[in-house]
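Secondary and tertiary structure notes
Letter by letter, the chains look like this.
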Amino acid sequence: MYLKQRIEEIIKSLRPAFSREAAFEWLVIMVWGILLCNRAPAITSYLNAVGLSEYYYDHALHWFHAKSWSAKT
């Protein structure tokens, strides 16, 4: 349980990098998808790992190109 809590703390510390709540929520989904994925690395695999259908593929793909977050400080 400690590992899950620590991961959540790290993710929450990244919130200031996002100008929109929706973009931050997609970060949370993608991080957990990456961590839980046991298939070849791909957006569909990440979504499946967190229980989301292919309906969300375009939304997830758009997240990677969104201007509502930046890795630059």
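An unreviewed UniProt entry annotates the protein as Transposase originating from Phormidium pseudopriestleyi FRX01.

Focus on the pattern of salt bridges
Evaluation of the coordinates by the stated rule reveals two salt bridges. Glu-9 is the partner of Arg-6 in a salt bridge, and the nearest nitrogen-oxygen pair spans 3.1 Å. In this pair, Arg-6 and Glu-9 are both assigned in helix 1 (residues 2-13), three residues apart and thus about one turn of the helix distant. By relative accessible area, which is 47% here, Glu-9 ends up partly exposed. Of the charged contacts, one joins Glu-21 and Arg-15 as a salt bridge, the two residues approaching to 3.1 Å between their closest N and O atoms. In this structure Glu-21 comes out as partly exposed when scored by relative accessible area, which is 41%.

Description of the confidence of the model for the protein
Averaged over every residue, the pLDDT of the protein is 87; residues scoring 70 or more account for 93%. Confidence, expressed as mean pLDDT per element, reaches its minimum in the protein at helix 4 (residues 57-63) with 86 and its maximum at helix 1 with 94.

Some words on the packing of aromatic side chains
For the structure on display, the rule yields two aromatic pairs. With a centroid separation of 5.7 Å and 65° between ring planes, the pair formed by Phe-18 and Phe-24 is classed as edge-to-face. An identical accessibility class is assigned to Phe-18 and Phe-24; each is buried. Ring centres 5.0 Å apart and planes at 90° place the aromatic pair Tyr-55 and Tyr-56 in the edge-to-face group.

Some thoughts on the packing of helix 1 against helix 2 (residues 21-36)
Relative orientation of the contacting elements helix 1 and helix 2 amounts to 145°, with a least axis distance of 11 Å. For helix 1 against helix 2, the interelement crossing comes out right-handed. Residues Lys-4, Ile-7, Glu-8, Ile-11 and Lys-12 of helix 1 touch helix 2, and the partners they reach there are Phe-24, Leu-27, Val-28, Val-31, Trp-32 and Leu-35. Looking at the contact of helix 1 with helix 2 residue by residue, the classes come out as eight nonpolar, no polar and three charged.

Quick look at helix 2
Helix length check: helix 2 (16 residues) gives 23 Å between terminal C-alpha atoms against 22 Å at 1.5 Å per residue, within 8%. Residues of helix 2 that are buried: Ala-23, Phe-24, Trp-26, Leu-27, Met-30, Trp-32 and Gly-33. On its buried side, helix 2 packs onto helix 1, helix 3 (43-49) and helix 4.

About the cut-offs
- Residues numbered from 1 in each chain as written.
- Predicted model: local features only at pLDDT ≥ 70, side-chain atom pairs only at ≥ 80, totals over all residues.
- Heavy atoms only, no water.
- Salt bridge = Lys/Arg side-chain N within 4 Å of Asp/Glu carboxyl O.
- Helix = DSSP H or I, 4+ residues; strand = E, 2+ residues; numbered from the N terminus.
- Buried < 20%, exposed > 50% of the residue type's maximum accessible area, 1.4 Å probe, protein only.
- pLDDT = per-residue confidence, 0-100.
- Phe/Tyr/Trp six-rings, centres within 6.5 Å; stacked < 30°, edge-to-face > 60°.
- Axes fitted to C-alpha atoms, helices over the stretch in contact; angles between N-to-C directions.
- Left-handed = near helix turned anticlockwise from the far one by under 90°.
- Contact = heavy atoms within 4.5 Å.
- Nonpolar A, V, L, I, M, F, W, Y, C, P; charged D, E, K, R; others polar.
- Expected span 1.5 Å × (residues − 1).

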